[in-house]
Amino acid sequence: MRVLSLETVEDILLGCAVLGTGGGGSLARGLETVRADAAAGKTVRLAALDELEPDTLVVSPYFAGSVSPLSPEQVAAYRHLPVAGESACLIAARALAEYLGRPVGAVVATELGGGNTASALSAAAHLGVPLLDADPAGRAVPELIHSTLFLAGVSITPMAAASQFGDVTIITRVVDDFRAEALVRAMAVVSQNKMGVADHPAPARELRGKLVEGSVSHAGRIGEAIRKARAAGADPVEAARAAGGGLLLFRGTVTRASWRDEAGFTVGEIDIRGTDADAGSTYHIRFKNEHMAAWRDGRVDVTVPDLIAVLETVTAEPVLNPEAAPGQAVSVLGFPAPGHWRTARGLSVFGPRYAGVDADYVPVEEHRRAGGGTADRAAARGNGGPAGGRAAGGPAARRRG
Amino acid sequence: MRELDFQAVRDILDGCTTLATGGGGDPARGLALLEAEYSAGRKVRLMDLDELPDDALTCSPYFTGSIAPVSPEREARLARLPRAAEPEAYLALRALERHLGISFTATVSIEYGGMNTAVAMATAARAGIPVVDADAAGRAVPDLEFSTYFISGLRIDPMALATRFGETVVLENVVDDFRAEDLVRSLAVASGGMIATVDHPAHGRDCKAGAVIRGALSYAERVGRAKREALAAGRDPVEAAREAGSGQLVFEGVAERDASWEDRGGFCYGETHLLGTGPFEGSRYRIWFKNENMVAWRNDEVDVTAPDLICVLERDTGRPVNNPWVKEGMRVAVLAFPAPKEWLTPRGREILTPRFFGFDFDPRPIGKRTPA
């Protein structure tokens, strides 16, 4: 268990935004949240799952909803309502603890993302409990069902959802996780498109083997590497790639970017024209909140569950969807998905077909054409970080020296 | 306390439908819920309000719905889900009991209606508790906040909901009844259009102090029974209902055309137009509704307004006509009944009035005029 400095928290969020693959919420707002907490004297401890007492109640707080702008009618309808004094996530976490009749002992992020991991960090800080060095995705994911807790059959209920006006709902029974998501989204539609949620309450002992462990410190190492490379005038994209055990997939200039709101998801495409070693090639990325699949010169290059991260080439600042714009110089990194996603069950809910690619899954490290990044491939395989699979080794194995 | 035979249950439901001012749900569905309980040997017991201990807890089970159509995609997604093994309202009642760590002593009907009064009775029978001889509206109403609970400042929450798939949700700390309504309707839409709701957990002392309308179910029963007996004896069921409910016959006529209506935000808005017959020959009558009848004009002059009850019945059978099903050529009678006195309190006057629905005039209580 260690107390995180603000610098470390910011590193973690930057790394989470890289692993957020275009989604996972706004890094800028996430940073605002954790800075405000730090200014208020709140600190967060990071704890490995093994460090918790077996009976510790762990919950996942997060925000659910849509980024779609509100209509003037909606703005008018919400204007008279009071705004709760604390975040809806925190209200939900407290309501769930009250419903269960015991205190929350630790918080686990629902995914890695600049905004969503910040929500968990902030909830942990305000509840005065540690954040788990783990999460149920090892990346950002578009839907509630894309969770290792879902794959492992950990019940999503009882769960609490709170609006920013302070209304609380406790979903005590639900047919399945899909229905849980439908109910929360329905309430978000009448709640400024945003609900704070706390779900998957479980004692620590029940979570063993069911989370991507070490993922938060893994993100922290990526963020730290970027920060240090920026300060040292080194290549921050290369630093992120090396720290995350990934591959450089493409480098170029954005030529076209488009998106639309589709049933609450941000759906769109990015086209990139190659520069440097990729001159003469094109790259095409499709996203549904997160990047789903990428094509190099018209051929499938990488698909979920592997990670497709788009960074600004000069600064390694992660590009959040749908903010890519023509003329932007970007680099695309690929990171292997955590082992949980590479199982048959994992691929059945979050594989190429979910991304709309009618082909079997080929791991990112096996995708590269011969001779095109041998060193990268070795890096990906040799790295036992969360991206390489939880079973591959403990935190020590994740450091590459 | 009185155990009701099925005839009494039918009379109450028919009275509630007659007094439901065009809304309140489908009495056939309501009756089916009660038939299921009676055929399983469970009976409805009607408890006098004064029999309710001060510290006993009551609640109101009913259905919240939206007539907004469910999209085919959502319908397909919902079709694969398992159905609840027990009635949804009963599941919601048990969920609220578990959440509060208490047992309810009785249920209270949330509004008059062929469906919702039946839900209060059937859920009570299922749970082995009585239904109180009371109602929280004394008519049918379009919005959750139109209740005597609201008038007396009683909170709607904690409340519990259950879907037809057996899912349960508890709501608490809602900002106000309007927020509760928005959240519940959104969950109803996501669950196929209807959701069972159990709300307003209330103490006996509050119910007795005016949070609910005393004797409301036996009043409805008298109206229903009077109609039934009149029909059996070959007398006029409309006049029998009027007399039993102390109402006024305000119009008789023929529907000029089908009621015109539209769905706005899940509510059914529209108008009924009548041409007078018999003593009303040469007059016209127009009724505006939002789910329920709210304002009526005779020859373009305001005649009856909410909160008073405007009830359209088939002229010969006395059968109540739900909105928006008045059809061209239908022969109907319009009865007006005075609103329960709770609606005439200062707070009651503020909410259920023509002004709430966008009209620029105050209520014209029928109790203050000589019958037509």
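Residues numbered from 1 in each chain as written. Chains lettered and ligands numbered in written order. Predicted model: local features only at pLDDT ≥ 70, side-chain atom pairs only at ≥ 80, totals over all residues.

**Overview of the overall build of chain A**
Then step 1. If you tally the helices and strands in chain A, you get 13 helices and 17 strands.
Then step 2. Computed over its C-alpha atoms, the radius of gyration of chain A comes to 20 Å, within 12% of the 21 Å expected for a compact globule of 401 residues.
Then step 3. Here chain A, with 401 residues, has 56% of them falling under the buried criterion.
Then step 4. At a minimum sequence separation of 6, the contacts of chain A that also span at least 24 residues come to 74%. (Helix = DSSP H or I, 4+ residues; strand = E, 2+ residues; numbered from the N terminus. Rg over C-alpha atoms; globule rule 2.2 N^0.38 Å. Buried ≥ 20, exposed ≤ 12 C-beta atoms within 10 Å, placed from the backbone. Contact = placed C-beta atoms within 7 Å.)

**A look at the overall build of chain B**
Then step 1. Along the backbone of chain B there are eleven helices and 17 strands.
Then step 2. Against the compact-globule benchmark of 21 Å for 372 residues, chain B has a radius of gyration of 20 Å, which places it among compact chains.
Then step 3. Considering only C-alpha atoms, chain B reaches an extent of 60 × 50 × 40 Å along its principal axes.
Then step 4. For chain B, the share of sequence-separated contacts (at least 6 apart) that also reach a separation of at least 24 residues comes to 74%.

**Description of the environment of Leu 154 of chain B**
Residues and elements named next belong to chain B.
Then step 1. Looking at the element boundaries, Leu 154 is found in the loop between α6 (148-151) and β6 (159-162).
Then step 2. Residue classification places Leu 154 among the partly exposed positions, given that 19 C-beta atoms sit within 10 Å.
Then step 3. Between the alpha carbons of Leu 154 and Lys 227 there is a distance of 35 Å; along the sequence they are 73 residues apart.
Then step 4. The contact partners of Leu 154, leaving out residues within four places of it in the chain, are Tyr 149, His 200, Ala 202, Asp 206 and Ala 211.

**A word on the domain arrangement of chain A**
All names here are of chain A.
Then step 1. As assigned here, chain A comprises domain 1 (2-213) and domain 2 (246-381).
Then step 2. The interface is formed by 23 residues belonging to domain 1 together with 26 residues belonging to domain 2.
Then step 3. Taken together, the elements giving at least two residues each to the side of domain 1 that touches domain 2 come down to α1 (6-19) and α6 (148-151).
Then step 4. Among the elements that take part in the side of domain 1 that touches domain 2, α1 stands out by supplying three residues, more than any other.
Then step 5. For the side of domain 1 that touches domain 2, the class distribution of residues is eleven nonpolar, ten polar and two charged. (Domains from an automatic or database assignment. Nonpolar A, V, L, I, M, F, W, Y, C, P; charged D, E, K, R; others polar.)

**Focus on the interface of chain A and chain B**
Then step 1. With 20 residues of chain A at the contact, the number on the chain B side is 21 residues.
Then step 2. For the side of chain A that touches chain B, the per-class residue count stands at 14 nonpolar, three polar and three charged.
Then step 3. As defined by bridge partners, strand β8 (residues 168-173) of chain A adjoins strand β7 (residues 168-172) of chain B across five bridges and the pair is classed as antiparallel. By the bridge assignment for β7 of chain B, Thr 169 of chain A is matched with Leu 171 of chain B. (Pairing = 2+ DSSP bridges.)

**Let's talk about helix α10 (residues 237-244) of chain B**
Residue and element names in this part refer to chain B.
Then step 1. Taken across its eight residues, α10 has six buried, putting it largely inside the fold.
Then step 2. Elements in contact with the buried residues of α10: α1 (6-18), α9 (216-232), β10 (248-255), β16 (309-314) and β17 (331-337).
Then step 3. Of the residues one or two after α10, Ser 246 is the one with positive phi, at around 55°.

**Digging into the domain arrangement of chain B**
All names here are of chain B.
Then step 1. If you check the domain split of chain B, you get domain 1 (2-214) and domain 2 (247-337).
Then step 2. A straight line from the C-alpha centre of domain 1 to that of domain 2 covers 27 Å.
Then step 3. Across the contact, 15 residues belong to domain 1 and 19 residues belong to domain 2.
Then step 4. By residue class, the composition of the side of domain 1 that touches domain 2 is seven nonpolar, six polar and two charged.

**Let's talk about the nonpolar core**
Then step 1. Ranked by size, the top nonpolar core spans 234 residues in total, and within it Ala 92, Val 107 and Ala 240 of chain A together with Ala 92 and Val 334 of chain B carry the most contacts.
Then step 2. Setting aside residues no more than four positions away along its own chain, Val 334 of chain B makes contact with Val 250, Phe 251, Tyr 285, Ala 296, Ile 310, Cys 311 and Val 312 of chain B. (Core = buried A, V, L, I, M, F, W, Y, C linked by C-beta atoms within 7 Å.)

**Observations concerning the confidence of the model for chain A**
Then step 1. Confidence along chain A averages 89 in pLDDT terms, with 91% of residues attaining 70 or more.
Then step 2. A low-confidence stretch, residues 369-401 of chain A (pLDDT under 50), is modelled with 60 contacts involving residues beyond four sequence positions or located in other chains. (pLDDT = per-residue confidence, 0-100.)

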